Amino acid sequence: MELLEENYDHSVERLDRPSSYLIKKAVRRQNFENLEKSLHSKTVYVGNLTNLITEEQLYELFIKCGKIEKIIMGLDRNKLIPCGFCFVIYKEEQGSLNAIKYLKGTILDGQNLEIDLDPGFVEGRQFGRGVYGGQASQEGGNGFKGGYRGRGGFRGRGNGFRGRGRGRGGYNGGFRGRGGFSNGPRDFES
Amino acid sequence: MENKRPREDDEFDDSKRQHQDPVVELVGNVTKDIRRIGEGAQINTTVDDISYISNPIVVEFEKIDELRSAVLKTLGAVVLEQPMKVQVVSVLVMICNAKNFLVSKYVIEYFHSKVQDFFHSLDQGSPKGCFNDVKNILKFLCCLSPIIEDGALYNVLQQFLKVSIDLQASNPPLAQEIYYNTLICLPYVFANDDITDKYDGLLTLAKEFDSNISLKSVYTHFDSKSNNFQVPDIYVNLLETILPSIDFPECKKLFIDFKSHMEPIINESLQRNKISSTMVKHALPQFAINPDVLKEHKLIGIDQLWSQPRFFLTIYKQDFPTVPEGKTYSHLFFKDVICDLVHNLEFNRNETAVQLSIFDLYFNSDLFAPPGTPVDRLADIHKDNVNGENIPPLSTWKMEDLIVETFLQLMFTKPLRLPIYYYTVLITCCRNNPDWYAPVFGRAFRFFYKNLEVLNYETRLRFMDWMAVQISNFEFSWKWDEWVEDSKALTDYSYHPTKSFIKNLISKEIKLSNKKRIKDSFVTLDPQTDSLVHFEEFHQYLTLNLEDSDYIIDFDTKLFAGNEEVNSLVTKLCQEKKDTSTVVTSPQNEMLYIFNDSNIPFYPFFQKFYKFLMGHNRTNEQFFQHWTELNDEITDESLNKPSFLITYLIQTYCNIGNRSIYSTNGILDRDLTKLKWCSGVELQDSDYPKTEEFRFPPNTASPEQRLVIQNDIIDAIFRIWSHQPQFIFVILEHLVDSSILDASLLFTKCLESPKNLLVSNSTCFESLVRVLDSIPSKPIVSELLVKIIEKASAILADVQTTQISDSDEIEIKDKKWLVFDYLSLFKYFITNYEFEFISDIPEPIKEVSEWLNQVNA
């Protein structure tokens with residue numbers, strides 16, 4: 001599949017592509033249909049939301065990436081209350097690509113947004129698939145972080161070395177980095 | 001737990017990793033190394049790394065086609081997408097040249113053919129690339145000066161300069177771009193080469209270009225408001241600045257001195273080279289350019305930055321320079337690279353932010369103060385420089401200031417990308433290095449806030465949007481205490497830009513979060529008592545209501561033809577809502593839907609119809625029967641029945657779907673055909689998806705009646721969601737998209753609103769711009785322009801003059817601010833919508849717009 005092949009057209013990876021979760025799932029199942037669909041879909045999956053988030057809050061942020069057709073809140077299938085995810089359906093494909101490029105990882109109401117391209121909403125997907133009716137990943141426990149797909153955090157330039165994988169040894173320090181990642185309080189004071 | 005069973009959700013699954021094909025692995029490693037080239041802080045290590053990277057390239061380049069192709073494509077991508085790396089990439093090519101000159105020959109030919117292909121594609125009418133890409137390739141080729149035949153680069157640069165001079169009369173924007181691009185590339189020839197006077201001829205030739213081109217006032221961010229205020233002088237005109245700023249020895253100081261580090265490696269490689277023991281130089285022919293094609297060429301992509309004479313903003317002005325002085329080549333040099341990086345790497349904002357965080361590493365290490373150096377510390381450095389304590393003087397240039405200043409210009413001047421892209425890159429920068437960036441943002445916020453009175457409407461809105469998104473990512477923390485006194489002083493104003501800014505900023509924050517959270521953010525810590533101080537001054541902005549309860553009472557009483565009982569009932573209900581409303585009351589609970597109150601006239605009929613609408617799968621026929629019944633049951637002859645019924649219907653749909661905006665839109669979509677029929681829209685076959693479906697009788701509403709119905713629909717939605725403007729405009733946008741409403745009525749409603757919604761409410765403005773953008777034909781723009789001027793003229797007639805005097809009453813001053821905002825809005829539409837779309841624009845408006853286009857900044 002074209003998506004999985006390196007074509008050297010860009011100097012860094014594009015963000016407007018399906019996540020490694022979707023790719024691995026497709027490879028493992030040898031079923032690329034959903035992956036193809038997600039590339040041309042107007043829908044994005046948004047995860048790691050607070051249960052108190054509203055459509056209006058999501059609208060205010062996601063409208064910045066394109067006109068929205070619909071927002072479908074993910075619901076706990078037993079309690080029918082929001083359970084931390086939603087689908088944003090744009091009017092144009094470009095909207096969903098913009099959302100994944102620009103909004104993934106930004107904060108809405110205190111939460112880091114998880115965004116992934118989605119093959120398209122079908123009725124029933126708005127309900128959580130967890131044992132207790134909520135979102136499976138959030139019910140999982142066992143320290144599984146980051147909701148749904150459990151991505152790692154900041155890749156950390158503190159140690160600097162990005163690794164060229166050839167084992168030259170003798171790293172001289174300073175490669176692409178200076179200082180660690182600080183998560184201290186922001187202060188707009190000059 | 002380490003040997004856990006693999007799961008489908010596992011992000012990484014190493015257990016099944018297959019052995020990679022050695023060629024694929026080699027290509028992967030080499031290209032990865034090229035992409036990350038020069039990201040180290042130590043020059044000697046970087047050069048060693050580059051030499052190491054070059055080894056597999058020079059050995060396998062001719063043997064492995066995949067490697068050759070991948071290396072060339074990767075070099076091309078790095079040069080275009082990460083232009084700050086051109087010098088360090090050129091070092092790789094030069095080292096390769098010493099080891100195997102065929103590699104560099106291929107590389108130079110590859111880049112040459114890229115440019116030539118672009119010009120061929122222009123001839124064929126389907127451009128592949130843009131002139132900005134040509135610029136970055138030229139920069140790269142200039143860096144390769146030591147291995148390009150003598151005179152070849154001169155000829156190429158001369159060719160471009162001549163093209164720009166010849167093109168000046170026929171295609172000024174393109175001519176300006178080519179002229180600037182060529183000159184900005186010129187000093188790159190000395191990046192890795194010694195300075196000579198060989199290129200002085202080009203500077204002489206460049207003088208033939210008329211670069212004395214003024215910025216037009218209409219395209220700048222500031223407005224003196226009829227000379228009431230002094231506009232800050234913050235513009236650097238790129239065309240005027242570029243030629244006089246080129247001073248080769250000064251320019252050379254910008255680049256890293258790789259030569260001394262590179263020479264031993266090159267000499268050693270040449271000694272080992274069996275084919276050539278001297279550096280081989282390569283040909284670089286001139287390009288085949290068709291000047292006639294260029295005359296007609298319209299700027300596309302990033303080139304569109306040149307659709308108007310370009311300028312850079314300089315907002316960080318201290319007693320000492322924190323960015324290179326505006327009239328210098330250094331200023332243009334860095335901002336040019338940052339602009340290209342930001343635009344060309346748009347598909348990965350995280351990487352853009354990472355590259356910006358190490359931006360200084362690609363240039364001479366003495367140029368910038370260490371990243372994140374506070375301004376106070378820079379002031380000390382400056383003091384020591386002046387006192388002669390630092391010999392040589394240390395730099396006070398602050399990389400973050402330079403980056404943020406460039407972003408502000410990109411965000412606020414007809415942004416090429418969606419503004420959210422620029423916002424989120426800055427957010428990522430700030431999250432990666434909060435101590436470096438937060439104070440720089442703070443200074444930018446303060447600069448624009450201080451200049452709110454002279455900012456034009458569009459820039460004010462964009463500043464507000466940026467600040468809202470920015471602080472929403474950082475717990476809504478802001479030094480609210482700085483604004484308390486301003487807010488108090490502007491209590492009696494409605495349209496003062498500062499008050500309008502604060503109000504709209506807070507309402508935007510509420511929309512991104514909720515009232516309680518935002519209310520809780522209006523605090524500061526009293527350093528003396530260590531206790532929290534709440535700023536109650538800002539609580540007035542927590543309400544989003546467009547109207548007060550008097551409006552609701554008047555509206556509903558009028559709907560029921562002045563019925564006294566309804567008046568008392570609505571008054572009572574409004575009071576109850578007011579008494580029980582808090583910051584945590586949901587919009588649904590704030591809604592006042594009167595038709596489900598048992599004391600309202602015709603209550604039983606409303607209830608029956610409400611229950612009918614609540615049910616799913618109601619057919620058109622059932623709806624027709626119930627609607628006709630309801631028509632018959634409303635017997636009060638004093639009522640304006642068509643208006644009454646459509647208001648009832650729309651508000652009932654809003655109430656049923658009040659759970660959320662898309663819940664409302666969903667129910668409106670469900671009954672779209674029914675709604676169209678009730679609104680007097682002529683139904684088409686496509687409105688009846690089922691062939692056997694009941695068809696509504698033809699609508700007999702006249703065009704005038706249809707206009708009335710549409711206005712009633714708009715009014716009904718304004719009334720029912722008057723406490724939540726966001727709902728109003730999303731629903732109205734949806735009805736325009738569904739062809740139930742005519743967009744021009746929506747514009748009229750907002751322009752004629754006594755509250756001047758189009759200028760006073762950012763939700764309204766943003767929504768109407770979206771509506772406008774989605775309408776293919778733009779005669780509506782000319783209507784809008786006429787209405788804006790009429791509105792401004794009417795207010796102007798009240799206030800006589802636009803000169804603001806201290807003796808003016810507040811009400812008069814307020815109206816003058818309103819006039820300025822309407823004029824600014826006029827400018828917005830003039831500058832953002834193509835004139836060919838509005839060819840039917842009335843003559844007086846055309847004259848005003850032409851005049852605005854002539855005024856110099």
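I will try to describe carefully the structure that is included in this document. (Residues numbered from 1 in each chain as written. Chains lettered and ligands numbered in written order. Predicted model: local features only at pLDDT ≥ 70, side-chain atom pairs only at ≥ 80, totals over all residues. Heavy atoms only, no water.)

## Focus: helix α3 (residues 65-81) of chain B
With 17 residues, α3(B) ought to run about 24 Å at 1.5 Å a step, and its terminal C-alpha atoms sit 24 Å apart, in line with that. Burial analysis of α3(B) places 13 of its 17 residues in the buried class, the great majority of the element. (Helix = DSSP H or I, 4+ residues; strand = E, 2+ residues; numbered from the N terminus. Expected span 1.5 Å × (residues − 1). Buried < 20%, exposed > 50% of the residue type's maximum accessible area, 1.4 Å probe, protein only.)

## Thoughts on the sheet that holds strand β3 (residues 82-90) of chain A
Residues and elements named next belong to chain A. Read across the sheet, four strands follow the order β2-β3-β1-β6 without closing on themselves; strand pairing throughout is antiparallel. Lying at the two open borders of the sheet, with one neighbouring strand each, are β2 (68-75) and β6 (114-118). Between one strand axis and the next, the sheet turns by 20° as a mean value, whatever way the strands run. As paired elements, strand β1 (residues 43-47) and β3 share four bridges and run antiparallel to each other. (Pairing = 2+ DSSP bridges. Axes fitted to C-alpha atoms, helices over the stretch in contact; angles between N-to-C directions.)

## So, the pairing of β1(A)
Within a regular beta strand, the side chains point alternately toward one face of the sheet and then the other, so they alternate between its two faces. Residues and elements named next belong to chain A. Most of β1 sits inside the fold, with five of its five residues counted as buried. Here β1 shows no split at all, with Thr 43, Tyr 45 and Gly 47 on one side and Val 44 and Val 46 on the other all buried. The sheet contact formed by β1 and β6 spans five bridges and is antiparallel. By the bridge assignment for β6, Val 46 is matched with Ile 115.

## Concerning the nonpolar core
Core analysis: the largest hydrophobic core is formed by 323 residues, its most contacted members being A:Phe62, B:Phe463, B:Trp466 and B:Phe623. In this view, B:Phe463 contacts B:Phe412, B:Phe445, B:Phe448, B:Tyr449, B:Leu452, B:Leu455 and B:Phe501; residues no more than four positions away in its chain are not counted. In this structure, A:Tyr45, A:Ile72, A:Cys83 and A:Ile89 belong to the second largest nonpolar core, which totals six residues. (Core = buried A, V, L, I, M, F, W, Y, C linked by side-chain atoms within 4.5 Å. Contact = heavy atoms within 4.5 Å.)

## Some thoughts on the environment of B:Tyr188
Residue and element names in this part refer to chain B. Inspection of the secondary structure puts Tyr 188 in the loop between α8 (172-185) and α9 (200-206). Taking the C-alpha atoms as reference, Tyr 188 lies 8.3 Å from Gln 87; in sequence the two are 101 residues apart. Those residues in contact with Tyr 188 that lie beyond four places of it in its chain are Val 86, Lys 139, Cys 142, Cys 143, Phe 255, Tyr 329, Phe 333 and Val 337.

## Some thoughts on the packing of aromatic side chains
Aromatic ring pairs: the centre-centre distance and the angle between the two ring planes describe each pair. All names here are of chain B. Under the definition given, this model contains 87 aromatic pairs over all chains. When the ring of Phe 535 is compared with that of Phe 538, the centres are 6.4 Å apart and the planes differ by 80°; the resulting orientation is edge-to-face. Its relative accessible area of 10% is what places Phe 535 among the buried residues. We classify Phe 538 as buried; its relative accessible area is 0%. Across the ring face of Phe 718, the terminal group of Lys 749 is positioned such that the distance to the ring centre comes to 4.9 Å. (Phe/Tyr/Trp six-rings, centres within 6.5 Å; stacked < 30°, edge-to-face > 60°. Lys NZ or Arg CZ within 6 Å of the ring centre and 35° of its normal.)

## So, the environment of B:Ala444
Residue and element names in this part refer to chain B. Here Ala 444 is to be found in helix α19 (residues 434-450). A relative accessible area of 0% places Ala 444 in the buried class. For the pair formed by Ala 444 and Val 404, sequence separation is 40 residues and the distance between their alpha carbons is 8.3 Å. Discounting chain neighbours no more than four positions away, the residues touching Ala 444 are Ile 315, Tyr 316, Leu 408 and Trp 466.

## Comments concerning the packing of helix α3 (residues 55-62) of chain A against helix α33 (residues 725-737) of chain B
Angle between the axes and distance between the axes are the two parameters that describe a pair of packed helices. Look at α3(A) against α33(B): their axes get within 12 Å of each other, and the N-to-C directions meet at 70°. It follows that α3(A) is roughly perpendicular to α33(B) by the angle criterion. In the packing of α3(A) onto α33(B), the handedness of the crossing is left-handed. Contact with α3(A), carried on its side by A:Glu56, A:Tyr59 and A:Glu60, involves B:Gln726, B:Phe727, B:Val730 and B:Glu733 of α33(B) and no other residues of that element. Here the contact of α3(A) with α33(B) is composed, by residue class, of three nonpolar, one polar and three charged. (Parallel < 35°, antiparallel > 145°, perpendicular 65-115°, else oblique. Left-handed = near helix turned anticlockwise from the far one by under 90°. Nonpolar A, V, L, I, M, F, W, Y, C, P; charged D, E, K, R; others polar.)

## As for the pattern of salt bridges
Between side chains of opposite charge, a pair can form when the charged atoms approach closely. Per the stated rule, a full pass over the model turns up 46 salt bridges over all chains. Between B:Lys253 and B:Glu250 there is a salt bridge, and its shortest N-O distance comes to 2.8 Å. Residue B:Glu250 is classed as partly exposed on the basis of its relative accessible area of 44%. The residue B:Lys295 makes a salt bridge to B:Asp292 at a minimum N-O spacing of 3.6 Å. You can see B:Lys295 and its partner B:Asp292 sitting in helix α13 (residues 291-296), three residues apart, about one turn around the helix. Several salt bridges share partner residues, and in doing so they unite A:Glu60, A:Lys64, B:Asp465, B:Lys508, B:Lys511 and B:Glu766 into one network. (Salt bridge = Lys/Arg side-chain N within 4 Å of Asp/Glu carboxyl O.)

## A few points about the packing of helix α24 (residues 549-559) of chain B against helix α32 (residues 703-720) of chain B
Residue and element names in this part refer to chain B. It is the contact of α24 with α32, at a shortest axis distance of 10 Å, that shows an interaxial angle of 140°. Between α24 and α32, the crossing angle belongs to the class labelled oblique. Crossing angle aside, the handedness with which α24 passes α32 is left-handed. Of the residues in α32, those touching α24 at Tyr 551, Ile 552, Phe 555 and Asp 556 are Asp 715, Ala 716, Phe 718 and Arg 719. Its residues assigned to classes, the contact of α24 with α32 comprises five nonpolar, no polar and three charged.

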